[in-house]
Amino acid sequence: MTSDVAVAPPVTNPSTLDAVRAKRLRRAVLDKYDKYLYGALGVGVFLFAWWAGTATEVLNPKFLAPPQVVLDELVTGLGPGGALGEQVWPSLRRGLTGFAFGLVLGVVSGILVGSIRVLEKSIEPVLLFFRSLSILALFPVFLLFFGIGEESKIAIVTWAAFWPIFVNTTNAVKGVERILVNAAKTLGADRVYIFTRVILPAAVPNIFPGVRLGASYAFTALVAAEYLGATEGVGIYIRSSQEAYQIPAMYSGIVILGIIGVALNLVLAAAERRITGWQLGLTSR
(Lines give C-alpha, C1' and ligand atoms only; values in the text may rest on other atoms or scores of the structure.)
Protein backbone atom coordinates (compact mmCIF):
# COMPACT_ATOMS: atom_id res chain seq x y z
CA MET A 1 0.00 0.00 0.00
CA THR A 2 1.50 3.30 -1.05
CA SER A 3 0.76 6.82 -0.06
CA ASP A 4 1.57 10.03 -1.88
CA VAL A 5 3.53 12.46 0.19
CA ALA A 6 3.37 16.09 -0.91
CA VAL A 7 6.77 17.71 -1.03
CA ALA A 8 6.74 21.38 -0.06
CA PRO A 9 8.72 23.75 -2.29
CA PRO A 10 11.93 25.01 -0.74
CA VAL A 11 11.54 28.24 1.14
CA THR A 12 13.92 30.90 -0.06
CA ASN A 13 14.95 33.64 2.29
CA PRO A 14 14.19 37.06 0.73
CA SER A 15 17.49 38.40 2.01
CA THR A 16 19.28 35.60 0.16
CA LEU A 17 17.49 36.52 -3.07
CA ASP A 18 18.49 40.15 -2.63
CA ALA A 19 22.09 39.15 -2.08
CA VAL A 20 22.08 37.00 -5.23
CA ARG A 21 20.55 39.80 -7.29
CA ALA A 22 23.06 42.30 -5.96
CA LYS A 23 25.92 39.94 -6.76
CA ARG A 24 24.66 39.43 -10.31
CA LEU A 25 24.24 43.17 -10.75
CA ARG A 26 27.81 43.83 -9.58
CA ARG A 27 29.10 41.14 -11.93
CA ALA A 28 27.16 42.63 -14.86
CA VAL A 29 28.55 46.09 -14.12
CA LEU A 30 32.09 44.74 -13.87
CA ASP A 31 31.72 42.78 -17.10
CA LYS A 32 30.49 45.91 -18.88
CA TYR A 33 32.92 48.44 -17.46
CA ASP A 34 35.93 46.34 -16.44
CA LYS A 35 37.96 47.72 -19.34
CA TYR A 36 37.49 51.27 -18.09
CA LEU A 37 37.96 50.35 -14.45
CA TYR A 38 41.22 48.54 -15.09
CA GLY A 39 42.31 51.29 -17.44
CA ALA A 40 41.69 53.93 -14.78
CA LEU A 41 43.59 51.79 -12.28
CA GLY A 42 46.54 51.49 -14.66
CA VAL A 43 46.62 55.26 -15.27
CA GLY A 44 46.43 55.90 -11.54
CA VAL A 45 49.33 53.54 -10.81
CA PHE A 46 51.40 55.14 -13.59
CA LEU A 47 50.76 58.67 -12.29
CA PHE A 48 51.54 57.62 -8.72
CA ALA A 49 54.81 56.00 -9.79
CA TRP A 50 55.69 59.13 -11.78
CA TRP A 51 54.93 61.38 -8.79
CA ALA A 52 56.76 59.13 -6.33
CA GLY A 53 59.80 58.91 -8.58
CA THR A 54 60.14 62.68 -8.84
CA ALA A 55 59.18 63.36 -5.19
CA THR A 56 61.89 61.02 -3.92
CA GLU A 57 64.28 62.26 -6.63
CA VAL A 58 64.85 58.75 -7.88
CA LEU A 59 63.96 60.43 -11.17
CA ASN A 60 65.63 63.81 -11.45
CA PRO A 61 62.90 66.51 -11.43
CA LYS A 62 65.16 68.67 -13.60
CA PHE A 63 64.76 66.18 -16.45
CA LEU A 64 61.32 64.75 -15.65
CA ALA A 65 58.88 67.31 -14.32
CA PRO A 66 56.38 66.06 -11.69
CA PRO A 67 52.93 65.18 -13.06
CA GLN A 68 51.17 68.01 -11.21
CA VAL A 69 53.57 70.55 -12.72
CA VAL A 70 53.05 69.12 -16.22
CA LEU A 71 49.27 69.16 -15.71
CA ASP A 72 49.39 72.80 -14.60
CA GLU A 73 51.48 73.69 -17.64
CA LEU A 74 49.09 71.75 -19.89
CA VAL A 75 46.04 73.60 -18.56
CA THR A 76 47.82 76.95 -18.89
CA GLY A 77 49.07 76.16 -22.38
CA LEU A 78 45.63 75.13 -23.60
CA GLY A 79 43.88 78.02 -21.91
CA PRO A 80 43.09 81.43 -23.42
CA GLY A 81 46.22 82.86 -24.95
CA GLY A 82 48.19 79.68 -24.22
CA ALA A 83 51.05 78.89 -26.56
CA LEU A 84 50.29 75.18 -26.76
CA GLY A 85 46.66 75.62 -27.77
CA GLU A 86 47.73 77.57 -30.85
CA GLN A 87 49.91 74.68 -32.00
CA VAL A 88 47.34 71.89 -31.76
CA TRP A 89 45.25 72.70 -34.82
CA PRO A 90 48.19 72.87 -37.32
CA SER A 91 49.31 69.42 -36.16
CA LEU A 92 45.76 68.03 -36.27
CA ARG A 93 45.30 69.39 -39.78
CA ARG A 94 48.51 67.82 -41.06
CA GLY A 95 47.97 64.54 -39.23
CA LEU A 96 44.34 64.02 -40.24
CA THR A 97 44.99 65.08 -43.85
CA GLY A 98 47.91 62.70 -44.22
CA PHE A 99 46.00 59.92 -42.49
CA ALA A 100 43.01 60.43 -44.80
CA PHE A 101 45.25 60.17 -47.88
CA GLY A 102 46.98 57.10 -46.47
CA LEU A 103 43.63 55.52 -45.64
CA VAL A 104 42.21 55.94 -49.15
CA LEU A 105 45.42 54.88 -50.89
CA GLY A 106 46.01 51.96 -48.54
CA VAL A 107 42.49 50.54 -48.77
CA VAL A 108 42.18 50.94 -52.55
CA SER A 109 45.66 49.54 -53.23
CA GLY A 110 45.18 46.71 -50.74
CA ILE A 111 41.89 45.68 -52.33
CA LEU A 112 43.44 45.65 -55.80
CA VAL A 113 46.56 43.73 -54.78
CA GLY A 114 44.61 41.32 -52.59
CA SER A 115 42.06 40.59 -55.32
CA ILE A 116 44.40 40.23 -58.29
CA ARG A 117 46.91 37.50 -57.53
CA VAL A 118 49.02 38.20 -60.62
CA LEU A 119 49.40 41.82 -59.54
CA GLU A 120 50.36 40.76 -56.04
CA LYS A 121 53.07 38.38 -57.24
CA SER A 122 54.52 40.87 -59.71
CA ILE A 123 54.87 43.84 -57.36
CA GLU A 124 55.64 41.96 -54.15
CA PRO A 125 59.44 42.49 -54.41
CA VAL A 126 58.96 46.24 -54.94
CA LEU A 127 56.56 46.49 -52.01
CA LEU A 128 58.90 44.52 -49.78
CA PHE A 129 61.74 46.86 -50.72
CA PHE A 130 59.83 50.03 -49.83
CA ARG A 131 58.37 48.52 -46.67
CA SER A 132 61.90 47.81 -45.45
CA LEU A 133 63.00 51.44 -45.79
CA SER A 134 63.07 53.64 -42.71
CA ILE A 135 60.95 56.73 -43.09
CA LEU A 136 63.85 58.77 -41.71
CA ALA A 137 65.94 57.71 -44.70
CA LEU A 138 63.23 59.03 -47.02
CA PHE A 139 63.00 62.51 -45.48
CA PRO A 140 65.50 63.98 -47.98
CA VAL A 141 63.48 62.48 -50.84
CA PHE A 142 60.25 64.07 -49.61
CA LEU A 143 62.02 67.40 -49.20
CA LEU A 144 63.41 67.23 -52.75
CA PHE A 145 60.04 66.41 -54.30
CA PHE A 146 57.73 68.53 -52.13
CA GLY A 147 59.95 71.21 -50.59
CA ILE A 148 59.92 72.27 -46.95
CA GLY A 149 56.30 73.43 -46.93
CA GLU A 150 53.12 71.69 -45.88
CA GLU A 151 53.18 69.26 -48.80
CA SER A 152 56.29 67.41 -47.61
CA LYS A 153 54.95 67.02 -44.09
CA ILE A 154 51.60 65.68 -45.30
CA ALA A 155 53.42 63.35 -47.71
CA ILE A 156 55.52 61.94 -44.84
CA VAL A 157 52.43 61.33 -42.73
CA THR A 158 50.65 59.73 -45.70
CA TRP A 159 53.58 57.38 -46.28
CA ALA A 160 53.65 56.35 -42.62
CA ALA A 161 49.90 55.70 -42.49
CA PHE A 162 49.76 53.92 -45.85
CA TRP A 163 51.76 50.79 -45.12
CA PRO A 164 49.91 49.22 -42.15
CA ILE A 165 46.58 49.97 -43.83
CA PHE A 166 47.74 48.55 -47.15
CA VAL A 167 49.23 45.38 -45.66
CA ASN A 168 46.18 44.65 -43.49
CA THR A 169 43.78 45.30 -46.35
CA THR A 170 45.73 43.03 -48.70
CA ASN A 171 45.83 40.19 -46.17
CA ALA A 172 42.17 40.70 -45.24
CA VAL A 173 41.02 40.41 -48.86
CA LYS A 174 43.28 37.43 -49.49
CA GLY A 175 42.13 35.74 -46.29
CA VAL A 176 38.41 35.63 -47.11
CA GLU A 177 37.30 32.00 -46.84
CA ARG A 178 36.93 30.40 -50.24
CA ILE A 179 33.87 28.52 -49.09
CA LEU A 180 31.96 31.81 -48.97
CA VAL A 181 33.02 32.73 -52.50
CA ASN A 182 32.27 29.25 -53.83
CA ALA A 183 28.85 29.25 -52.19
CA ALA A 184 28.02 32.56 -53.86
CA LYS A 185 29.20 31.22 -57.22
CA THR A 186 27.06 28.14 -56.77
CA LEU A 187 24.03 30.35 -56.25
CA GLY A 188 24.77 32.15 -59.51
CA ALA A 189 26.30 35.38 -58.21
CA ASP A 190 28.47 37.35 -60.64
CA ARG A 191 31.90 38.79 -59.85
CA VAL A 192 30.66 42.25 -58.92
CA TYR A 193 28.12 40.83 -56.48
CA ILE A 194 30.68 38.47 -54.96
CA PHE A 195 33.18 41.27 -54.50
CA THR A 196 30.78 43.84 -53.04
CA ARG A 197 28.52 41.52 -51.02
CA VAL A 198 30.84 38.70 -49.99
CA ILE A 199 34.53 39.64 -50.10
CA LEU A 200 34.39 43.22 -48.85
CA PRO A 201 32.01 42.60 -45.90
CA ALA A 202 34.10 39.61 -44.83
CA ALA A 203 37.35 41.60 -45.13
CA VAL A 204 36.30 44.83 -43.39
CA PRO A 205 36.69 43.53 -39.79
CA ASN A 206 40.30 42.60 -40.53
CA ILE A 207 41.02 45.93 -42.24
CA PHE A 208 40.23 48.03 -39.18
CA PRO A 209 43.23 46.97 -37.07
CA GLY A 210 45.45 48.29 -39.86
CA VAL A 211 43.47 51.52 -39.97
CA ARG A 212 43.98 52.09 -36.24
CA LEU A 213 47.65 51.23 -36.53
CA GLY A 214 47.97 53.58 -39.50
CA ALA A 215 46.49 56.42 -37.43
CA SER A 216 49.08 55.76 -34.72
CA TYR A 217 51.92 55.72 -37.26
CA ALA A 218 50.61 58.92 -38.85
CA PHE A 219 50.91 60.99 -35.69
CA THR A 220 54.21 59.37 -34.77
CA ALA A 221 55.66 60.45 -38.11
CA LEU A 222 54.01 63.87 -37.79
CA VAL A 223 56.28 64.92 -34.93
CA ALA A 224 59.40 64.02 -36.91
CA ALA A 225 57.99 65.76 -39.99
CA GLU A 226 57.37 68.96 -38.04
CA TYR A 227 61.02 69.02 -37.03
CA LEU A 228 61.84 69.66 -40.70
CA GLY A 229 61.52 73.40 -40.87
CA ALA A 230 58.00 73.80 -39.47
CA THR A 231 57.06 77.12 -37.92
CA GLU A 232 54.02 75.84 -36.05
CA GLY A 233 52.74 72.58 -34.64
CA VAL A 234 53.06 70.49 -31.50
CA GLY A 235 56.27 68.88 -32.73
CA ILE A 236 58.06 72.19 -33.13
CA TYR A 237 56.58 73.32 -29.79
CA ILE A 238 58.19 70.32 -28.09
CA ARG A 239 61.49 70.96 -29.80
CA SER A 240 61.59 74.67 -29.01
CA SER A 241 60.63 73.98 -25.38
CA GLN A 242 63.46 71.48 -25.08
CA GLU A 243 65.96 73.93 -26.61
CA ALA A 244 64.81 76.66 -24.20
CA TYR A 245 65.00 74.15 -21.32
CA GLN A 246 61.31 74.61 -20.52
CA ILE A 247 60.90 71.03 -19.35
CA PRO A 248 57.27 71.17 -18.11
CA ALA A 249 56.20 72.78 -21.40
CA MET A 250 58.04 70.08 -23.33
CA TYR A 251 56.23 67.31 -21.44
CA SER A 252 52.88 69.06 -21.82
CA GLY A 253 53.38 68.91 -25.60
CA ILE A 254 54.15 65.20 -25.37
CA VAL A 255 51.04 64.63 -23.24
CA ILE A 256 48.76 66.45 -25.69
CA LEU A 257 50.07 64.28 -28.51
CA GLY A 258 49.20 61.21 -26.45
CA ILE A 259 45.72 62.58 -25.76
CA ILE A 260 45.17 63.19 -29.48
CA GLY A 261 46.27 59.63 -30.25
CA VAL A 262 43.97 58.14 -27.62
CA ALA A 263 41.02 60.24 -28.80
CA LEU A 264 41.55 59.24 -32.43
CA ASN A 265 41.82 55.58 -31.45
CA LEU A 266 38.53 55.82 -29.53
CA VAL A 267 36.81 57.37 -32.55
CA LEU A 268 38.10 54.64 -34.85
CA ALA A 269 37.16 51.92 -32.34
CA ALA A 270 33.62 53.31 -32.18
CA ALA A 271 33.45 53.37 -35.98
CA GLU A 272 34.72 49.79 -36.07
CA ARG A 273 32.04 48.62 -33.65
CA ARG A 274 29.33 50.37 -35.64
CA ILE A 275 30.45 49.11 -39.04
CA THR A 276 31.29 45.56 -37.98
CA GLY A 277 28.60 45.22 -35.30
CA TRP A 278 26.78 42.63 -37.41
CA GLN A 279 29.57 40.19 -36.55
CA LEU A 280 28.66 40.20 -32.86
CA GLY A 281 25.59 38.13 -33.56
CA LEU A 282 27.77 35.54 -35.29
CA THR A 283 30.67 35.40 -32.88
CA SER A 284 29.13 36.20 -29.48
CA ARG A 285 27.50 33.58 -27.33
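Below is a short write-up of the structure.

By secondary structure assignment, the location of Glu-120 is in helix H4 (residues 117-131). Ignoring any residue separated from it by four or fewer positions in sequence, one finds Glu-120 in contact with Val-113 and Lys-174.

Attention now moves to helix H2 (residues 67-78). For H2, which comprises 12 residues, the first-to-last C-alpha distance of 16 Å matches the rise-based estimate of 16 Å (1.5 Å per residue) to within 8%. Residues of H2 that are buried: Pro-67, Val-70, Leu-74 and Gly-77. Buried residues along H2 cover an arc of 90 degrees about the axis, so they all sit on one side. Exposed side chains of H2 directed beyond 90 degrees from the buried face belong to Asp-72 and Val-75.

Quick look at a nonpolar patch on the surface now. Taken together, the side chains of Val-104, Val-108, Leu-112, Ile-116 and Val-118 present a nonpolar region at the surface, about 450 Å² in accessible area. Here the nonpolar patch gets three residues from one element, more than from any other, and that element is helix H3 (residues 85-115). One can find Ile-116 in the loop between H3 and H4. Judged by relative accessible area, Ile-116 falls into the partly exposed class, the value being 40%.

Running from N to C, H2 and helix H10 (residues 247-275) point in directions that differ by 75 degrees, and their axes come no closer than 8 Å. Here H10 runs roughly perpendicular to H2, going by the angle between their axes. Residue-level contacts link Val-69, Val-70, Glu-73, Leu-74 and Leu-78 of H2 to Pro-248, Ala-249, Tyr-251, Ser-252, Val-255, Ile-256 and Ile-259 of H10. For the contact of H2 with H10, a count of residues per class yields 10 nonpolar, one polar and one charged.

Moving on, we get to the pattern of salt bridges. Following the criterion strictly, the structure yields seven salt bridges and no others. Its salt-bridge partner being Arg-94, residue Glu-150 comes within 2.9 Å of it at the nearest N-O pair. Placement of the pair is Glu-150 in helix H6 (residues 150-174) and Arg-94 in helix H3, with a sequence separation of 56 residues. A relative accessible area of 28% places Glu-150 in the partly exposed class. For Arg-94, a relative accessible area of 1% gives the class buried. Residue Arg-239 pairs with Glu-243 through a salt bridge whose shortest N-O separation is 3.3 Å.

Turning our eyes to something else, we now look at the packing of aromatic side chains. Counted according to the given criterion, the structure contains 10 aromatic pairs. Ring centres of Phe-142 and Phe-146 lie 6.4 Å apart, and the angle between their planes is 25 degrees; this geometry places the pair in the stacked category. Here Phe-142 pairs with Phe-146, and both are found in helix H5 (residues 139-146), just four residues apart, close to one helical turn. On the basis of relative accessibility, which here comes to 10%, the residue Phe-142 falls in the buried class. Judged by centre distance (6.0 Å) and plane angle (90 degrees), the rings of Trp-163 and Phe-166 are edge-to-face. Taken together, the residues span about one helical turn, with Trp-163 and Phe-166 both in helix H6 at a distance of three residues. One exposure class covers both Trp-163 and Phe-166, and it is buried. Chaining the aromatic ring pairs together yields one cluster made of Phe-129, Phe-130, Phe-142, Phe-146, Trp-159, Phe-162, Trp-163 and Phe-166. Stacked on the ring of Tyr-227, the Lys or Arg Arg-239 has its end atom at 5.6 Å from the ring centre.

It is the contact of H3 with H4, at a shortest axis distance of 5 Å, that shows an interaxial angle of 105 degrees. With respect to H4, the element H3 is oriented roughly perpendicular. Of the residues in H4, those in contact with Leu-112, Val-113, Gly-114 and Ser-115 of H3 are Arg-117, Leu-119, Glu-120 and Ile-123. Among the residues making up the contact of H3 with H4, the classes are represented as four nonpolar, two polar and two charged.

So, how was this worked out
Residues numbered from 1 in each chain as written. Predicted model: local features only at pLDDT ≥ 70, side-chain atom pairs only at ≥ 80, totals over all residues. Heavy atoms only, no water. Helix = DSSP H or I, 4+ residues; strand = E, 2+ residues; numbered from the N terminus. Contact = heavy atoms within 4.5 Å. Expected span 1.5 Å × (residues − 1). Buried < 20%, exposed > 50% of the residue type's maximum accessible area, 1.4 Å probe, protein only. Arc of directions from axis to C-beta. Patch = residues over 30% accessible without salt bridge, like charges linked within 9 Å, V, L, I, M, F, W, Y side chains within 5 Å. Areas by Shrake-Rupley, 256 points an atom, 1.4 Å probe, with all protein chains shown as cover. Salt bridge = Lys/Arg side-chain N within 4 Å of Asp/Glu carboxyl O. Axes fitted to C-alpha atoms, helices over the stretch in contact; angles between N-to-C directions. Parallel < 35°, antiparallel > 145°, perpendicular 65-115°, else oblique. Nonpolar A, V, L, I, M, F, W, Y, C, P; charged D, E, K, R; others polar. Phe/Tyr/Trp six-rings, centres within 6.5 Å; stacked < 30°, edge-to-face > 60°. Lys NZ or Arg CZ within 6 Å of the ring centre and 35° of its normal.

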